[in-house]
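Next come the chains, spelled out residue by residue.
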Amino acid sequence: MSGSDSLFSYKTMVHALAGATGSMAAMTVFFPLDTARLRLQVDDKRRAKSTFHIILEILKQEGYTSLYKGWFPVISSLCCSNFVYFYCFQGLQAKYVLTLTESKPIKDLIFGIIAGVINVLVTTPMWVVNTRLKLQGVKFKSEISNKPTYYKGILDAFKKISREEGFWSLWNGTVSSLMLVGNPAIQFMVYQALKRWRQRVLNTTELGNVTYFLIGAVAKTVATLATYPLQVVQSKQRFSNQGEKKGVSMKTIDMLKHIVRTHGFWHLYKGLETKLIQTVLTAALMFLTYERIAATVFRIMRLESTVKKTV
């Protein structure tokens with residue numbers, strides 16, 4: 001089996017490392033927007049406001065550092081999550097893209113869903129922990145959690161959640177996360193389709209920075225609009241430490257019904273503006289960084305290979 005069609009090739013590793021690096025860089029730049037998005041999704045008492053007003057409110061009440069609260073666990077989770085996702089997606093694409101008969105967009109969707117399922121099962125505990133750490137000490141009351149638990153760090157959070165709530169609590173939100181594998185799958189399908197279209201129109205394999213940024217933004221917008229209500233439920237499930245005890249079922253469908261019945265249908269889209277701004281800009285910058293890192297590494301590798309052959 002050649003290196004180009006193997007799940008365990010250097011090309012797959014380069015794509016995974018570039019994707020993980022790109023996601024970390026993009027999330028660091030736009031992290032305050034993610035903080036505002038999460039507050040809106042889990043704080044049932046907070047009235048939906050513009051992203052700018054939410055950030056100002058956080059700054060006024062909690063200070064500048066609160067905008068980057070939980071940065072390390074989020075970045076750690078994101079690094080692992082995107083490494084797993086890019087590795088699986090690119091590995092499957094390299095190994096099976098020539099053997100499947102479906103059209104390219106359908107192949108991308110299938111590979112994206114498989115990569116997403118693997119990613120969810122492997123990394124959900126990290127996302128549960130980072131949600132708890134990011135919201136630790138925040139002054140608000142939620143219908144699904146008002147029991148204050150304080151964690152010293154990532155490892156302490158893993159231990160306390162396992163001990164106090166049960167080992168499987170680390171996989172809170174797995175069902176909604178599995179439903180949400182359609183989000184990155186749709187995102188990658190749209191991104192790859194737009195990328196191939198522009199390459200065909202311009203008759204080149206390498207596109208400009210603005211093009212990568214824009215098609216990444218469009219792809220993420222489509223994916224977010226399609227799956228946002230499930231993302232709201234997912235945030236609440238990950239944050240919950242005693243939802244069942246308060247009479248609020250943590251099952252995905254039950255929570256969707258509860259939100260609509262208690263707060264109205266549009267509550268499912270609470271924080272959408274903030275989420276769109278945050279996730280679209282983050283995804284756009286992530287794809288741009290990923291493409292540039294991967295292209296640079298492959299160019300260097302080709303140059304090294306050429307030098308070795310001529311020596």
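What counts and how
- For every chain, the first residue of the written sequence is number 1, and numbering continues from 1 along that sequence.
- For this predicted model, a pLDDT threshold of at least 70 governs which residues receive local features, and a threshold of 80 or more governs which side-chain atom pairs are given and counted, while totals over whole chains, interfaces and linings are taken from all residues.
- Remark: hydrogens and water are excluded; side-chain values derive from all non-hydrogen atoms of the structure.
- Every angle, taken between N-to-C directions, lies between 0 and 180 degrees, and every axis is a line fitted to C-alpha atoms, over only the stretch in contact when it is a helix.
- In this description a helix means any DSSP run of H or I spanning at least four residues, a strand means any run of E spanning at least two, and both kinds are numbered starting from the N terminus.
- An angle below 35 degrees is treated as roughly parallel, one above 145 as roughly antiparallel, one from 65 to 115 as roughly perpendicular, and anything else as oblique.
- Handedness of a crossing is defined here by the sense of rotation of the near helix relative to the far one, left-handed for an anticlockwise turn of less than a right angle and right-handed for a clockwise turn.
- Residue contacts are defined here by distance: any two heavy atoms, one from each residue, within 4.5 Å place the two residues in contact.
- Polar here means any residue other than Ala, Val, Leu, Ile, Met, Phe, Trp, Tyr, Cys and Pro, which are nonpolar, and Asp, Glu, Lys and Arg, which are charged; Gly is therefore polar.
- Any Lys or Arg side-chain nitrogen located within 4 Å of an Asp or Glu carboxyl oxygen qualifies as a salt bridge.
- When accessible area is computed with a 1.4 Å probe and restricted to protein chains, residues below 20% of their type maximum are described as buried, those above 50% as exposed, and intermediate ones as partly exposed.
- Every residue gets a pLDDT, meaning the predictor's confidence in that residue, from 0 to 100.
- Expected helix span is taken as 1.5 Å per residue step, with the number of steps being one fewer than the number of residues.
- It is the directions from the helix axis to the C-beta atoms whose arc is reported.
- Patch definition: residues with relative accessible area over 30% and no salt bridge; like charges joined within 9 Å; nonpolar side chains (Val, Leu, Ile, Met, Phe, Trp, Tyr) joined within 5 Å.
- All accessibility values rest on the Shrake-Rupley procedure with a 1.4 Å probe; residue burial counts only the protein chains present in the view.

Visitor: Is there a simple way to think about the packing of helix 1 (residues 10–29) against helix 4 (residues 71–96) in this case?
Guide: Helix packing geometry: the angle between the two helix axes and the distance between the axes. For the pair helix 1 and helix 4, interaxial distance at closest approach is 8 Å and the crossing angle is 150 degrees. Overall, the two elements helix 1 and helix 4 adopt an arrangement that is roughly antiparallel. For the crossing formed where helix 1 meets helix 4, the hand is right-handed. Residue-level contacts link T12, M13, H15, A16, L17, G19, A20, S23, M24, M27 and T28 of helix 1 to W71, V74, I75, L78, C79, N82, F83, F86, Y87, Q90 and G91 of helix 4. Of the residues in the contact of helix 1 with helix 4, the class split is 14 nonpolar, eight polar and no charged.

Visitor: Looking at this structure, I do not really get the pattern of salt bridges. What am I missing?
Guide: Evaluated as defined, the whole model comprises five salt bridges. When the shortest N-O distance is used, the salt bridge between D108 and R196 registers 2.8 Å. Placement of the pair is D108 in helix 5 (residues 104–135) and R196 in helix 8 (residues 182–202), with a sequence separation of 88 residues. Residue classification places D108 among the buried positions, given a relative accessible area of 2%. A single network of salt bridges, built from pairs that share partners, joins E206, R292 and R299.

Visitor: Just to check I follow, could you spell out the confidence of the model for the protein chain for this structure?
Guide: Reading predicted coordinates in detail is not appropriate for stretches of low pLDDT. Averaged over all residues, the pLDDT of the protein chain is 79; the fraction at 70 or higher stands at 80%. Here residues 305–311 is a poorly scored stretch, pLDDT under 50, and it has zero contacts once near neighbours within four places are set aside; other chains count.

Visitor: Which parts of the structure should I look at to understand helix 6 (residues 154–165)?
Guide: Residue pairs spaced three or four apart in an α-helix point in one direction, given the helix's 3.6 residues per turn. Look at helix 6: 16 Å from first C-alpha to last across twelve residues, which is about the 16 Å you get at 1.5 Å a residue. Taken residue by residue, helix 6 has D156, A157, K160 and I161 as its buried positions. The arc that holds the buried residues of helix 6, viewed along the axis, is 125 degrees, so those residues lie on one side. In this structure, helix 6 carries L155, K159 and R163 as exposed residues pointing more than 90 degrees from its buried face. Phi turns positive one or two residues past the end of helix 6, at G166, with a value near 100 degrees.

Visitor: Explain a nonpolar patch on the surface here, please?
Guide: A cluster of nonpolar side chains, I106, I110, I113, I114, V117, I118, L121, V122 and L178, forms an exposed patch at the surface whose accessible area comes to about 640 Å². Here the element with the most residues in the nonpolar patch is helix 5; it accounts for eight residues. Relative to the helices and strands, V117 resides in helix 5.

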